[in-house]
Amino acid sequence: MMIPTLEWTREGVRFLDQTRLPLEEIYVLATSYQQVADAITTMVVRGAPAIGVSAAMGVALGVSQSPANTLHALTEDFDRIAKVLAATRPTAVNLFWAIERMRVLFNDLAARPGASIVEVRLALIHEAQQMYDEDIAACKAMGANGAGLMPRSGSVLTHCNAGALATCGYGTALGVIRAAVEHGHILHVYADETRPFLQGARLTAWELMHDGIPTTVLCDNMAASLMRAGKIQAVIVGADRIAANGDVANKIGTYGVAVLAKEHGIPFYVAAPWSTIDVATPTGDSIPIEERPAVEVTHHGGKQLTPDGVGIANPAFDVTPAKYVTAIITEREVLRAPFSESIQNAGAMLAKS
Ligand code: MRU
């Protein structure tokens, strides 16, 4: 059964609260766009594709609840709502992609002669639900495209959580693993715990156990020695933004894993939907990296770990240069180096279709 990460309801957007997993499976209802924004910022919902669809639902919710009674006033409200949602998390490009897709539709509908506010509202809700369905379909397609790249048997390392919980269902990196298992591959997964927010230890472990896929959690600093011991046959991760040259922004620590994989001759795969590829960003150097609150590093489970007043760094993402990436698995095709060319060609095909 698919894990219900997020869901549009008549009352608002329902989220499985990922800050409470794995100990408690609690659902929270965001009944306003501000509450959706808050759920994204506080990581009740997280993972690039899930953030994007949540933002689209937040836009639909905000526009539905707007007291505006002219299209002009509704346009002003749309801008205000979009601004609040866009200010939640800067790195995952899916957030901006989703808001932009809603804006294009809104502007198109509002410009039609005789357009009604009711029609616009319904169309935005429909679009957000469509994006939800498309996201699951994209994950399934990534799974089908990437399954053959996974070893027939052996262990695969993943970092952070790029699973059903990070998407509307099935997952990107974990979707490829799921598809490989469905095709008969005998896989075991090593899940990096992923300090400081522990998406690997808490979320990847929880969702793979939910599916009965054998999983071992390791601390982030253990991957090197496991690789050296020959225990890892492939690495697969998700992405928050992929630049036009194939540089990949993903959860902090991914870069180190990629360098280690190259050193040990282990393939390093990235699975991401096309909406994560940002052709307007030339290289990883221009990707904005979110700095999260220091308390995520200084405390764990309410307990202080570090001395008062010590300096704290908490960049939430890093950039893996394209040269470390073996292939990028998308829902359309598997992209290979040189990524500047393969991304450009795939983009041109998409524009034609
Ligand atoms: O800070 P998070 O938990 O939102 O970061 C998530 C990741 O880095 C994922 O790997 C990425 O968003 C891809 S999810 C399919």
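As the structure is a computational prediction, the values presented were derived from the model and not from experiment. (Residues numbered from 1 in each chain as written. Predicted model: local features only at pLDDT ≥ 70, side-chain atom pairs only at ≥ 80, totals over all residues. Heavy atoms only, no water.)

## Here's the deal with the side chain of Gln18
To be explicit about the condition: Comment: elements are numbered from the N terminus, with helices defined as DSSP H or I runs of at least four residues and strands as E runs of at least two. Each residue gets one of three labels from its accessible area relative to the maximum for its type: buried under 20%, exposed over 50%, partly exposed in between, using a 1.4 Å probe on protein chains only. Within 3.5 Å is the distance limit for a polar contact, defined as a pair of N or O atoms, with the added protein rule that one can donate a hydrogen and the other accept it, and that residues adjacent in sequence qualify only through two side-chain atoms. Contact criterion: two residues are considered in contact whenever any of their non-hydrogen atoms come within 4.5 Å of each other.
Among the secondary structure elements, Gln18 is positioned in the loop between strand S2 (12-16) and strand S3 (27-30). Using a relative accessible area of 0% as the deciding quantity, one classes Gln18 as buried. Reaching out from Gln18, the side chain makes a polar contact with the side chain of Arg46 at a distance of 3.1 Å. Those residues in contact with Gln18, other than ones at most four positions away along the chain, are Thr5, Met43, Val44, Val45, Arg46, Leu165, Arg202 and Leu203.

## A few points about the site of the ligand
Put simply, the rule is: What makes a residue near a molecule or strand is one non-hydrogen atom of that residue sitting within 4 Å of it. Under the convention used here, a 1.4 Å probe and the Shrake-Rupley method define accessible areas, while residue burial counts only the protein chains that appear. Detection works on a 1 Å grid of protein atoms alone, calling trapped sets that fit a 1.4 Å probe cavities and calling open sets with protein on both sides within 12 Å along at least five of seven lines pockets, with lining residues defined by an atom within 4 Å of a point. The way we define it, a molecule is inside a pocket or cavity when more than half of its atoms are within 2 Å of that pocket's grid points. Residues are grouped as follows: nonpolar covers Ala, Val, Leu, Ile, Met, Phe, Trp, Tyr, Cys and Pro; charged covers Asp, Glu, Lys and Arg; every other residue, Gly included, is treated as polar. As annotated, the domain borders come from an automatic or database domain assignment.
Around the ligand lies a shell of 18 residues, among which Arg46, Arg89, Asp240, Asn250 and Lys251 are the nearest. One of the side-chain N or O atoms of Gln199 is found 2.9 Å from an oxygen atom in the ligand. A distance of 2.7 Å is found between an oxygen atom of the ligand and a side-chain nitrogen or oxygen belonging to Lys251. When the ligand sits alone it has 410 Å² of accessible area, and the protein chains cover 99% of it. Most atoms of the ligand, that is more than half of them, are within 2 Å of grid points of the largest cavity. Looking at the shell around the ligand, the elements with two or more residues in it are helix H2 (48-65) and strand S9 (248-251). When the residues that make up the shell around the ligand are grouped by side-chain class, the tally is eight nonpolar, six polar and four charged. Taken domain by domain, the shell around the ligand gets at least three of its residues from each of domain 1 (6-141) and domain 2 (145-352).

## Digging into the pattern of salt bridges
Operational definition: By definition, a salt bridge exists where a carboxyl oxygen of Asp or Glu is found within 4 Å of a side-chain nitrogen of Lys or Arg.
Within this structure, the stated rule accounts for 14 salt bridges. The closest approach of N and O atoms between Glu7 and Arg14, which form a salt bridge, is 3.1 Å. Residue classification places Glu7 among the partly exposed residues on the basis of a relative accessible area of 34%. Look at the salt bridges and you will find they share partners, linking Arg89, Glu290, Arg292 and Glu296 into a network.

## Section: the nonpolar core
The condition is simple: Side-chain atoms within 4.5 Å link the members of a nonpolar core, which is a set of buried Ala, Val, Leu, Ile, Met, Phe, Trp, Tyr and Cys residues.
If you look at the biggest cluster of nonpolar residues, it comprises 47 residues, and the most contacted ones within it are Phe15, Met102 and Leu124. Taken together, the elements giving at least two residues each to this core come down to strand S1 (6-9), S2, helix H1 (33-41), H2, helix H3 (71-86), helix H4 (93-110) and helix H5 (117-146). With 11 residues, the top contributor of residues to this core is H2. Not counting chain neighbours up to four residues away, the residues in contact with Leu124 comprise Ala60, Val63, Phe78, Met102, Leu105 and Phe106. Membership of the second largest hydrophobic core comes to 29 residues, among which are Met227, Val237, Ala261 and Ile277.

## A look at the sheet that holds strand S7 (residues 234-237)
The condition is simple: Following DSSP output, two strands are said to pair if at least two bridges run between them. Orientation is described by lines fitted to C-alpha atoms, with helices fitted over the stretch in contact, and by angles between N-to-C directions that extend from 0 to 180 degrees.
Strand order across the open sheet formed by seven strands is S6-S5-S4-S7-S10-S15-S16, with mixed pairing between neighbours. Since the sheet does not close on itself, it has two edges, and those belong to strand S6 (215-218) and strand S16 (334-335), each with one partner. Running at roughly 160 degrees to strand S5 (residues 186-192), helix H7 (residues 199-210) makes contact with strand S4 (153-158), S5 and S6 of the sheet.

## Details of the state of the cysteines
The cut-off we apply is this: Two cysteine sulfurs form a disulfide in these notes if their separation is within 2.5 Å.
Within the structure shown, the criterion is met by zero disulfides. The structure places no disulfide on Cys139, whose sulfur is separated from the nearest cysteine sulfur, that of Cys168, by 7.6 Å.

## Digging into empty space enclosed by the protein
Heads up, the rule is: Grid points are joined across faces, edges and corners, and a volume is the space filled by probe spheres set on the points.
A complete count under the given rule lists two cavities of 30 Å³ or more for this structure. As a volume, the largest cavity reaches approximately 180 Å³. Along its surface, the largest cavity is lined by 23 residues, and Gly47, Ala48, Asn161, Asp240 and Asn250 are the ones closest to its centre. Among the elements of the structure, H2 and S9 are those that each provide at least two residues to the lining of the largest cavity.

## Quick look at the domain arrangement of the protein
The following threshold applies: Note on terms: buried area is the combined drop in 1.4 Å-probe accessible area of two parts once they are placed together, counting the loss on both.
Domain annotation for the protein reports domain 1 (6-141) and domain 2 (145-352). The straight-line distance from the C-alpha centre of domain 1 to that of domain 2 is 25 Å. If you look at the interface, domain 1 gives 31 residues, while domain 2 gives 32 residues. Taken together, the two surfaces of domain 1 and domain 2 that pack against each other cover about 2,700 Å², and 60% of this comes from carbon and sulfur. Counting across the domain 1 and domain 2 interface gives one salt bridge. Measuring nitrogen to oxygen at the nearest pair gives 2.9 Å for the salt bridge that ties Glu290 to Arg89. Counting the contacts that link domain 1 with domain 2 gives 16 residue pairs in polar contact (both at pLDDT 80 or more). Here the side of domain 1 that touches domain 2 takes seven residues from H5, the largest share from any one element. Its residues assigned to classes, the side of domain 1 that touches domain 2 comprises 19 nonpolar, seven polar and five charged.

## Things to note about the environment of Leu16
Looking at the element boundaries, Leu16 is found in strand S2. A sequence separation of 11 residues divides Leu16 from Thr5, and the C-alpha atoms of the two residues are 5.3 Å apart. In this view, Leu16 contacts Ile3, Pro4, Thr5, Leu21, Glu25, Ile26, Tyr27, Val44, Leu165 and Trp206; residues no more than four positions away in its chain are not counted.

## A short note on the sheet that holds S2
Pairing is antiparallel across the open sheet formed by three strands, whose spatial order is S1-S2-S3. Unpaired on one side and paired on the other, S1 and S3 mark the two borders of the sheet. Across the sheet, the mean angle from the axis of one strand to that of its neighbour is 25 degrees, orientation sign disregarded. Both S2 and S3 contribute to a ladder of four bridges, which runs antiparallel. Considered in S3, the bridge of Val13 is made with Ala30. Most of the contacts of H2 go to S1, to which it runs at about 15 degrees, and overall it touches S1, S2 and S3.

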